[in-house]
Amino acid sequence: MVISDYIKTFIALLVIVNPVGTIPLFVAMCGTETPAEQRRIAKRAAIAVAIVLVVSALLGQMLLDFFGITIASFKVGGAILILLMAISMMQAMPMRTRQTPEEAEEAVEKASVAVVPLAIPLLAGPGAISTTIIYATERTGIVHLSLIALCCVAVALLTWAALRVATPITDLLGKTGINIAVRIMGLLLAAVAVEIFVSGLTTLMPGLR
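These figures come from a predicted structure and were not determined experimentally. (Residues numbered from 1 in each chain as written. Predicted model: local features only at pLDDT ≥ 70, side-chain atom pairs only at ≥ 80, totals over all residues. Heavy atoms only, no water.)

1. Topic: a nonpolar patch on the surface
Selection criterion: Grouping into patches uses exposed residues only, defined as over 30% relative accessible area, and leaves out salt-bridged ones; the cut-off is 9 Å for like charges and 5 Å for nonpolar side chains (Val, Leu, Ile, Met, Phe, Trp, Tyr). The protein chains shown are the only cover counted for residues, whose accessible areas, like all others here, come from Shrake-Rupley with a 1.4 Å probe. The working definition used for a salt bridge is a side-chain nitrogen of Lys or Arg within 4 Å of a carboxyl oxygen of Asp or Glu. In this description a helix means any DSSP run of H or I spanning at least four residues, a strand means any run of E spanning at least two, and both kinds are numbered starting from the N terminus.
Residues Ile-47, Ile-51, Val-55, Leu-58, Leu-59, Met-62, Leu-63, Phe-66, Phe-67 and Ile-69 make up a contiguous nonpolar surface patch of roughly 1000 Å² in combined accessible area. Within the secondary structure layout, Val-55 lies in helix H3 (residues 35-67).

Pasting the structure below:
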């Protein structure tokens, strides 16, 4: 993999974590908190996102080997999940792969929403974890895993920055502006899903090449 591949990995993770699309939910969950408490929640959520994604990158191959799953099969399954998320994003609809209505209702009653459900599963959900594992298993070696982990940390930092300014962004863009940004990211995510799907399918069925 060359540097452009890691840039693509970073963009794919950023799009699928989708901190911009989570801003309205963050405001809804934490709008009544003090600014200091909102900053604390944003920090905890970003740290949790970084931990989940980095651990997925480091242990992903081990988990696949344990369950006897080939990376090609995981790519096909992960791509389908990512594509479903992309379709929901392009329609500006809530994604049940991230949070069900029952979980959203339960979140309102939680004393702190930083880790659950904000970080998991709203930000670092099944799609983000699958994408991290897929890119982490493209190659072996400490340098490769270190660069993937760096991408995960960078995404977490941008997520923290987005949540820190959630209220001003909501006031500036409004619901329509945020939905437009989410739809654009959904289109990019669909392209990523198709690429991963084709890569896995051609490995499973070499005759398609």
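2. Some remarks on the side chain of Asn-18
Our working definition: Each polar contact in these results corresponds to two N or O atoms within 3.5 Å; when the atoms are within protein, one needs to be able to donate a hydrogen and the other to accept it, and residues that are neighboring in sequence are counted only if both atoms are side-chain atoms.
As for its placement among the helices and strands, Asn-18 is situated in the loop between helix H1 (3-17) and helix H2 (19-30). At 3.0 Å, the side chain of Asn-18 forms a polar contact with the backbone nitrogen of Gly-21.

3. Thoughts on helix H4 (residues 71-90)
In an α-helix there are 3.6 residues to a turn, and that puts residues three or four apart on one side. Here is the rule we go by: Between the first and last residue of a helix there are one fewer steps than residues, each counted as 1.5 Å, and that sum is the expected span. Only protein chains enter the accessibility calculation, which uses a 1.4 Å probe; a residue is then buried when its area is under 20% of its type maximum, exposed when over 50%, and partly exposed in between. Only heavy atoms enter the contact rule, under which two residues are in contact if any of them lie within 4.5 Å.
Taking 1.5 Å of rise per residue, the 20 residues of H4 would be expected to cover 28 Å, and the 28 Å separating its terminal C-alpha atoms lies within 8% of that figure. When H4 is considered as a whole, its buried residues turn out to be Ala-72, Phe-74, Lys-75, Val-76, Gly-78, Ala-79, Leu-81, Ile-82, Met-85, Ala-86, Ser-88 and Met-89. Along its buried surface, H4 packs onto H1, H3, helix H7 (126-136) and helix H9 (166-204).

4. Brief notes about the confidence of the model for the protein
For the record, the criterion: Scored between 0 and 100, pLDDT is the confidence that the predictor attaches to each residue.
For the protein, the average pLDDT comes to 89, and 90% of its residues sit at 70 or higher. Predicted confidence in the protein is weakest over helix H5 (residues 101-108), with a mean pLDDT of 58, and strongest over helix H8 (residues 142-164), with 97.

5. Notes on the packing of H7 against H8
Rules: Only the contacting stretch of a helix is used when fitting its axis, a line to C-alpha atoms as for every element, and angles between N-to-C directions run 0 to 180 degrees. For classification purposes, an angle smaller than 35 degrees is called roughly parallel, one larger than 145 roughly antiparallel, one from 65 to 115 roughly perpendicular, and anything else oblique. Helix crossings fall into two classes, left-handed where the near helix is turned counterclockwise from the far one by less than a right angle and right-handed where it is turned clockwise. Gly is put with the polar residues, along with every residue not named as nonpolar or charged; the nonpolar set is Ala, Val, Leu, Ile, Met, Phe, Trp, Tyr, Cys and Pro, and the charged set is Asp, Glu, Lys and Arg.
For the pair H7 and H8, the least separation of the axes is 10 Å and the interaxial angle reads 155°. Considering their axes alone, H7 and H8 lie roughly antiparallel with respect to each other. As for how H7 packs across H8, the hand of that crossing is right-handed. Note on element contacts: H8 touches H7 through His-144, Leu-145, Ile-148 and Cys-152, opposite Thr-132, Tyr-135 and Ala-136. Along the lines of polarity and charge, the residues of the contact of H7 with H8 split into five nonpolar, two polar and no charged.

6. So, H3
Compared with the 48 Å implied by 1.5 Å per residue over 33 residues, the 45 Å span of H3 between its first and last C-alpha is a close match. Gly-68 sits one or two residues past H3 and shows a positive phi near 70°.

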